Amino acid sequence: MDQNQIYLRERRKKKTKFIPPIMMLTAGLITSILCFVVGYELLKSMFILFIVMLIFAILGTVIKSIMDSFRTEMDYSDYFDEDGEIVEK
């Protein structure tokens, strides 16, 4: 594997890197607002917040790994000859 392929693979991983934290923080923000509006006690709201953030961190990691598995690398060099013409098989 050459350096260009390694660079492209790492670049694709960076695109999905922020999915778990964004999902977790968004769910945490919504949970915090709802706990404040409903009027839960501090300890109860912290426990709910912890559970929600844990669930969404796991869910975000699963979604990230599924999205990373869909990103496959195709090698098109077999379809072209040295002149750049399409080779029929």
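Preceding block: the structure.
As a starting point, this report considers the structure included with it. Remember, it's a predicted structure, so these values are computed and weren't measured experimentally.

A word on the overall build of the chain
Point 1. Helix and strand counts for the chain stand at 3 helices and 0 strands.
Point 2. Going residue by residue from the N terminus, the α and β elements of the chain occur as α-α-α.
Point 3. Burial analysis of the chain (89 residues in total) assigns 12% to the buried set.
Point 4. Considering only contacts in the chain between residues 6 or more positions apart, those separated by 24 or more positions represent 63%.
Point 5. Accessible surface for the chain amounts to roughly 7600 Å². Of this, 66% is attributable to carbon and sulfur atoms.

So, the pattern of salt bridges
Point 1. Using the criterion set out here, one finds 1 salt bridge in the structure.
Point 2. Note that Asp-68 and Lys-64 form a salt bridge whose closest N and O atoms lie 2.8 Å from each other. A residue pair is termed a helical-turn pair when its members lie 3 or 4 positions apart in one helix, as Asp-68 and Lys-64 do in helix H3 (residues 42-70) at 4 residues.

Regarding the environment of Cys-35
Point 1. Assignment of secondary structure puts Cys-35 in helix H2 (residues 19-38).
Point 2. It is 5.9 Å that separates the C-alpha atoms of Cys-35 and Ser-45, two residues lying 10 residues apart in sequence.

Some points on H2
Point 1. Taking 1.5 Å per residue as the helical rise, H2 with its 20 residues ought to reach 28 Å, and the 28 Å between its terminal C-alpha atoms agrees with that figure.
Point 2. Within the sequence span of H2, burial applies to Ile-19, Pro-20, Ala-27, Gly-28, Thr-31 and Cys-35. End-on, the buried residues of H2 take up no more than an arc of 150°, which puts them together on one face. Residues Ile-22, Leu-25, Leu-29, Phe-36 and Val-37 are exposed on H2 and point more than 90 degrees away from its buried face.
Point 3. On the buried face of H2, the contacting elements are H3.
Point 4. Looking at the residues trailing H2, positive phi occurs at Gly-39, about 95°.

So, the packing of H2 against H3
For any two helices packed against each other, one specifies the inter-axial angle together with the distance between the axes.
Point 1. Close contact between H2 and H3 brings their axes to 8 Å; oriented N to C, the two are set at 155°. One way to sum up the angle between H2 and H3 is to call them roughly antiparallel. Where H2 crosses over H3, the handedness of that crossing is right-handed.

Quick look at H3
Point 1. Between the first and last C-alpha of H3 there are 42 Å, a value that for 29 residues agrees with the 42 Å anticipated at 1.5 Å per step.
Point 2. All buried positions along H3 are accounted for by Ser-45, Leu-49, Val-52 and Gly-60.
Point 3. Residues of H3 that are buried in the fold lie against H2.

About the thresholds
- Residues numbered from 1 in each chain as written.
- Predicted model: local features only at pLDDT ≥ 70, side-chain atom pairs only at ≥ 80, totals over all residues.
- Heavy atoms only, no water.
- Helix = DSSP H or I, 4+ residues; strand = E, 2+ residues; numbered from the N terminus.
- Buried < 20%, exposed > 50% of the residue type's maximum accessible area, 1.4 Å probe, protein only.
- Contact = heavy atoms within 4.5 Å.
- Areas by Shrake-Rupley, 256 points an atom, 1.4 Å probe, with all protein chains shown as cover.
- Salt bridge = Lys/Arg side-chain N within 4 Å of Asp/Glu carboxyl O.
- Expected span 1.5 Å × (residues − 1).
- Arc of directions from axis to C-beta.
- Axes fitted to C-alpha atoms, helices over the stretch in contact; angles between N-to-C directions.
- Parallel < 35°, antiparallel > 145°, perpendicular 65-115°, else oblique.
- Left-handed = near helix turned anticlockwise from the far one by under 90°.

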